[in-house]
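A look at the structure
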Amino acid sequence: MTAPSNVIVFRPRPSLHGLRRPGTLIRAAREGQASWKRDRDLARLLRSDGCPAPGAVLPRLRAEEDLQNDLRVTRAAEYDLKRHVALMIAILAEMRAAIAACPPCPVAAAR
């Protein structure tokens, strides 16, 4: 008989709570998922040589996307629609990668 563990492991959930964006932007990001290649696109988007572990870069992506959204809302001349869509694609892809990389919850697997 094994002793029950007092550690509960939860799979990460998408944290788009409070992230309200125009439907056109979200649809463009969903469509862009088909051509997303993590090694190529994430490194280019982050302007780095390599890719971090899945999900590790989500806070940075969210912060950059939030800046782009502020520029969009204020109608600033510096707003870059292509970068905003690319950031949204990356956020969606990284959330999926983080969920896929996390081991399944033992309780859910036992059902």
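In what follows, the accompanying structure is described. (Residues numbered from 1 in each chain as written. Predicted model: local features only at pLDDT ≥ 70, side-chain atom pairs only at ≥ 80, totals over all residues. Heavy atoms only, no water.)

A short note on the pattern of salt bridges
- Applying the stated rule across the entire model yields 7 salt bridges.
- With a shortest N-O distance of 3.4 Å, Arg44 and Asp41 are connected by a salt bridge. Taken as a pair, Arg44 and Asp41 lie in helix α2 (residues 38–46) at a separation of 3 residues, close to a single helical turn.
- A relative accessible area of 56% places Arg44 in the exposed class.
- A salt bridge links Glu64 to Arg83; the nearest nitrogen and oxygen atoms lie 2.4 Å apart. Linking Glu64 in helix α3 (residues 58–73) with Arg83 in helix α4 (residues 81–101), this pair joins segments that are 19 residues apart in sequence.
- Of the residues examined, Arg83 reaches a relative accessible area of 15% and is grouped as buried.
- Each member of the salt-bridge network shares a partner with another, and the members are Arg21, Glu65 and Asp66. (Salt bridge = Lys/Arg side-chain N within 4 Å of Asp/Glu carboxyl O. Helix = DSSP H or I, 4+ residues; strand = E, 2+ residues; numbered from the N terminus. Buried < 20%, exposed > 50% of the residue type's maximum accessible area, 1.4 Å probe, protein only.)

Quick notes on the packing of α2 against α4
- Relative orientation of the contacting elements α2 and α4 amounts to 130 degrees, with a least axis distance of 11 Å. Accordingly, the angle class assigned to the pair α2 and α4 is oblique. As for how α2 packs across α4, the hand of that crossing is left-handed. In this structure, α2 contributes Arg38, Leu42 and Leu45 to the contact, and α4 contributes Arg83, Ala86, Leu87, Ala90 and Glu94.
- Looking at the contact of α2 with α4, its residues break down into 5 nonpolar, no polar and 3 charged. (Axes fitted to C-alpha atoms, helices over the stretch in contact; angles between N-to-C directions. Parallel < 35°, antiparallel > 145°, perpendicular 65-115°, else oblique. Left-handed = near helix turned anticlockwise from the far one by under 90°. Contact = heavy atoms within 4.5 Å. Nonpolar A, V, L, I, M, F, W, Y, C, P; charged D, E, K, R; others polar.)

Focus on unusual backbone geometry
- Notably, Arg47 is not glycine yet its phi reads approximately 55 degrees, a positive angle.
- With respect to the secondary-structure elements, Arg47 resides in the loop between α2 and α3.
- Since its relative accessible area comes to 67%, Arg47 is described here as exposed.
- The residue Arg75 is not glycine, and still its phi comes out positive at about 60 degrees.

Comments concerning the nonpolar core
- Counting 20 residues, the largest nonpolar core has Trp36, Leu42, Leu45, Leu61 and Ala90 as the members making the most contacts within it.
- Taken together, the elements giving at least two residues each to this core come down to α1 (23–32), α2, α3 and α4.
- Counting residues per element, this core draws most heavily on α4, at 10 residues.
- Residues contacting Leu45, with those up to four places away along its chain left out, are Leu61, Arg83, Ala86, Leu87 and Ala90. (Core = buried A, V, L, I, M, F, W, Y, C linked by side-chain atoms within 4.5 Å.)

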